[in-house]
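Below are the chains, spelled out letter by letter.
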Amino acid sequence: MPSYQAPLRDFRFVMDEVLDYPRHYAQLPQAEEVTPDVVSAILEEGARFTREVLLPLNRTGDEQGCRLEGGEVLTPSGFKEAYAQYVEGGWPSLSGDTAYHGQGLPTSLGMMLSEMVCSSNLAWGMYPGLSQGAADALRHHGSDGQKAQYLTKLNDGTWTGSMCLTEPQCGTDLGLIKTRARPDEAGGYLITGTKIFISAGEHDLAENIVHLVLAKLPDAPEGTKGISLFVVPKYLPDAEGEAGERNAVSCGALEHKMGIHGNATCVMNFDGARGYLVGEPHKGLACMFTMMNVARIGVGIQGLGLMEVSFQNALAYARDRLQMRALSGAQEADKPADPIISHPDVRRMLLTQKALAEGGRMLVLHAAQLADRVECVTSDAEREAAETELGLLTPIVKAFLTEVGFEATNEGVQVFGGHGYIREWGMEQYVRDARITRLYEGTTGIQALDLLGRKVLMSQGEALKPFTKQIHKFCQAHEGDAAMAEFVTPLAKLNAEWGEITMAVGMKAMQDREEVGAASVDYLMYSGYVTLAFFWARAAQAAHQALAGNPDDAAFYRAKLDTARFYYQRLLPRTRAHAEMIRAGGESLMAMQAEDFGHGFAI
Amino acid sequence: MKILVGVKRVIDYNVQVKVRSDNTDVDLSNTKMAMNPFCEIAVEEAIRCKEKGIATEVVAVSIGPKGAQEQLRTALALGVDRAIHGQSEEQVDSLDVARVMAGIVEEEQPGLVILGKQAIDSDNNQTGQMLAALTGMGQGTFASELAVEGEQVTVTREVDGGHETLALRLPAVITTDLRLNEPRHARLPDIMKAKKKPIDTRKLEELGIERASYLTLMRVETPAQRQGGVKVDSVSELVNKLKNEAKVIS
């Protein structure tokens, strides 16, 4: 069975030496609470909880999956007890509002814990993860009464949440939803319709489930401008605010999935279920985006968590497994063969995992600081700047980290050779679990359109500029530094090219809108590699600085420099291919007629 | 009744131990440290005594480097009321610790002192016994069950032949075995509250203790690699090898 140790030393490096978290936290309203000692105590305890409670349930959850019996969903054995321990430990409330039973800690701290949860048991992590999204939507858009009723329960974890968007005929295009909301005499609404792919829609972990449901009012305009958001509890609150009468919402079926078997993915039937409007009529999509932006970062963190755990286990195996002699002669002559970590190609795979996981962690923790600032900064200009940058980075975090997350977990299988394909080793589960992360909360294609179309081009490139400016400033600051030249020179070149490519795509798109879609995924991957290059350069700089002081753990910093070099020499050249493909444009994609695709076979 | 509970900072049991290249000691740089697992059991038992109304206050004591405050914070997060830190950056051995503890016992007058039976770094298994001798208190070591009734504590001990049950007059020293309880996880709100609980830090000199240094650490080595076994063809060959090569039978 795979093992997992939360990478607490790496967290400390990124927080203290690359991103200056102590200063960041000192500027937040919670400064008194989040002193470095408390942060480290919380991370340590989170690490312990995930390792001791969640990790042992990961494979059993995968093997057993969820069952639907008489309308009730039974989660795999141990999930319920683990959730009870999670609630008892006070973890659901971590970044919740203190007025509603929350602990009021920064969002960023929750994201760090989330990485550990995802590494140890992704399927289990979906249940509290969905609650988080529902709580965020209610916090921003719910009435005071709704917050008092639902937010407190979501924060203390006695109730969980779900997000009900997708329907059989619409996933990406929510303008097509058919679920209806009819006003009733009591001032509420009766919701009727079917939702599919509802994660944590029904389960046995909590007393009640708070569904946030998109539906259309009778007078709704067509399309996305006619969607409203409703809160629909599984059990209606009684006079005391506790779970009371059963509402007319039920799970009709469970999906049989490739991965995350421990998570219940439900078909939810609303048969005139009582619901209450959240926010204003017809403004549901905006409310939903609050949930989705949080959730998208969350899915990026899933990619990160899976890379890390796959890397840790591939590394242990590569050190232990003896096969073949090194090409240059025996490395460990006393053994029957050398450990496979001696072989260059195994090292390539391990370093790919390591560079992407550690690079991804810097990106996520940077985005997490922005999320804190969006919540807490009081000046409008600063908040807007943080919002714009977070908006730019969200599709990169989501899609880039899940794309490379899938690649990295696959490399994890590859390091194990044939054993990677055998279930008992646990490595193939990470691939199957990682596969969904490229799909839900908006596929990679949708994220790429969001990045290039909605964020970059719609703002005439203005959304991109503050970020490329940061990179430019960093490069300028280290221009004459000989030790940093191996990073700064290529980074400066790519940063300039990023702007040029953006301009070029923008120009083409003015002639033909299809060019945006044609370039989008390559553009996103290109942006991801450059973004990680920026963070790896910063890591290299921090490592140089630390090494100058002759630290006890010099090996840690030397490994950082080695990994940064690997990233620059062996992964960053992928930008060349993406740049070429972007420049090639959409012509070859659009030339063929739809009916000409299948001439090679007869139906 | 007040309970004094010992907490030692040791290398995390999940971490692979490395020896320094000059063999002078275990390499602790960049190594994850944690509370000794037997001390966790001691802390848990003390907190349970408080929850049952047997104890009114639980005080954790750690003797060790500055970093030991992290483990004291953990104890405070788990439910200990306050902590005393006898700070020493130098190596302290069991007798030093027992003498410091004896001084604190004199000062605090606890009804019960609960310690781990041993620490997983040096595996000495002697501090509790030494403390009992120095203070004249009774001792119940390797406890797997503990019940306080009035002025007496009943201790079930795990001994070679099975279980032994002792009744001790309070105050007494108890050392914990693995099966006494299963320690809880710290709760998030309690981790935050622990920050506000007091840790009283004192140098060993302030506690009136000079390190005795009866022991000198000579050399630390990685255990020898295990050699592969051999297959024997007959029982007589096996007996022969056990007699003459392994010399475990005669």
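Residues numbered from 1 in each chain as written. Chains lettered and ligands numbered in written order. Predicted model: local features only at pLDDT ≥ 70, side-chain atom pairs only at ≥ 80, totals over all residues. Heavy atoms only, no water.

**Q** Give me the overall build of chain B: which residues, what numbers.
**A** The number of helices and strands found in chain B is six helices and eleven strands. C-alpha extents for chain B along the principal axes are approximately 65 × 45 × 40 Å. Within chain B, the proportion of its 250 residues that are buried is 43%. About 13500 Å² of surface is accessible on chain B, with carbon and sulfur atoms providing 48% of the total. Within chain B, the 37 negative side-chain charges are centred at a point lying 4 Å from the centre of the 32 positive side-chain charges. (Helix = DSSP H or I, 4+ residues; strand = E, 2+ residues; numbered from the N terminus. Buried < 20%, exposed > 50% of the residue type's maximum accessible area, 1.4 Å probe, protein only. Areas by Shrake-Rupley, 256 points an atom, 1.4 Å probe, with all protein chains shown as cover. Lys, Arg positive; Asp, Glu negative; His and termini not counted. Charge placed at Lys NZ, Arg CZ, Asp CG, Glu CD.)

**Q** An account of empty space enclosed by the protein is needed here, citing residue identities and associated values.
**A** Residues and elements named next belong to chain A. Within this structure, the stated rule accounts for three cavities of 30 Å³ or more. Lining the largest cavity, in full, are M1, P2, L55, N58, R59, G426, Q429 and Y430. Counting only elements with at least two residues in the lining of the largest cavity, the list comes to α4 (58–64) and α11 (427–437). When its residues are assigned to classes, the lining of the largest cavity shows four nonpolar, three polar and one charged. (1 Å grid on protein atoms, 1.4 Å probe; cavity = no way out; pocket = protein on both sides within 12 Å on 5 of 7 lines; lining within 4 Å. Points joined across faces, edges and corners; volume = space filled by probe spheres on them. Nonpolar A, V, L, I, M, F, W, Y, C, P; charged D, E, K, R; others polar.)

**Q** Lay out the packing of helix α10 (residues 380–415) of chain A against α11(A) with the relevant residues and their values.
**A** All names here are of chain A. In contact at an axis separation of 8 Å, α10 and α11 are set at 160° when each is read in the N-to-C sense. When the axis of α10 is compared with that of α11, the two are roughly antiparallel. In this structure, α10 crosses over α11, and the sense of that crossing is left-handed. Here α10 contributes K398, T402, G405, F406, T409, N410, G412 and V413 to the contact with α11, which in turn contributes M427, E428, Y430, V431, A434, R435 and T437. Of the residues contributing to the contact of α10 with α11, the split by class is six nonpolar, six polar and three charged. (Axes fitted to C-alpha atoms, helices over the stretch in contact; angles between N-to-C directions. Parallel < 35°, antiparallel > 145°, perpendicular 65-115°, else oblique. Left-handed = near helix turned anticlockwise from the far one by under 90°. Contact = heavy atoms within 4.5 Å.)

**Q** So what about the packing of aromatic side chains? Which residues, and what values?
**A** Residues and elements named next belong to chain A. Using the criterion set out here, one finds 21 aromatic pairs over all chains in the structure. Measuring from centroid to centroid gives 6.5 Å for F79 and Y127, while their planes differ by 90°, and the two rings are edge-to-face. Here the residue F79 occupies a position in helix α5 (residues 79–88), and Y127 occupies one in helix α6 (residues 107–141), the gap between them amounting to 48 residues. For the pair F79 and Y127, a shared accessibility class is recorded, and that class is buried. Look at F416 and W425: their rings are 5.4 Å apart centre to centre, the planes differ by 70°, and that puts the pair in the edge-to-face class. With relative accessibility at 37%, the residue W425 sits in the partly exposed group. Here the aromatic residues F467, F474, W498, F534 and F535 are joined through ring pairs into a cluster of three or more. Above the plane of the ring of F406 lies R435, whose end atom (NZ or CZ) is 5.3 Å from the centre. The ring of F289 has R454 lying over it, and the distance from NZ or CZ to the ring centre is 5.5 Å. (Phe/Tyr/Trp six-rings, centres within 6.5 Å; stacked < 30°, edge-to-face > 60°. Lys NZ or Arg CZ within 6 Å of the ring centre and 35° of its normal.)

**Q** Give a description of the packing of α10(A) against helix α12 (residues 444–457) of chain A that names residues and reports values.
**A** Residues and elements named next belong to chain A. Where α10 meets α12, the closest approach of the two axes is 9 Å, and the angle between their N-to-C directions is 155°. The pairing of α10 with α12 is recorded here as roughly antiparallel in orientation. In the packing of α10 onto α12, the handedness of the crossing is left-handed. In this structure, α10 uses G391, L392, P395, I396, K398, A399 and E403 to contact α12, whose residues at the interface are T444, Q447, D450, L451, K455 and V456. In terms of residue class, the contact of α10 with α12 is built from six nonpolar, three polar and four charged.

**Q** Go over the domain arrangement of chain A with me, naming the residues and quoting the values.
**A** All names here are of chain A. Under the domain assignment used here, chain A contains domain 1 (8–141), domain 2 (160–282) and domain 3 (460–588). Placing a centre on the C-alpha atoms of domain 1 and another on those of domain 2 gives a separation of 25 Å. Taken together, the contact between domain 1 and domain 2 spans 26 residues of the former and 25 residues of the latter. The contact between domain 1 and domain 2 buries some 2300 Å² in all, and 70% of this surface belongs to carbon and sulfur atoms. Among the residues of domain 1 in contact with domain 2, V73, Y127 and L130 are the three that bury the most area, contributing 25% of the side total. Remark: the boundary between domain 1 and domain 2 carries zero salt bridges. (Domains from an automatic or database assignment. Buried area = accessible area lost by both parts, 1.4 Å probe. Salt bridge = Lys/Arg side-chain N within 4 Å of Asp/Glu carboxyl O.)

**Q** Lay out the interface of chain B and chain A with the relevant residues and their values.
**A** If you look at the interface, chain B gives 17 residues, while chain A gives 28 residues. In total, about 2000 Å² of surface goes out of reach between chain B and chain A, with carbon and sulfur atoms giving 52% of it. If you sort the residues of chain B by the area they bury against chain A, H185(B), L188(B) and M192(B) come out on top, with a joint share of 33%. The tally of links between chain B and chain A comes to four salt bridges. One salt bridge connects D37(A) with K195(B), and the closest N-O pair in it is separated by 3.8 Å.

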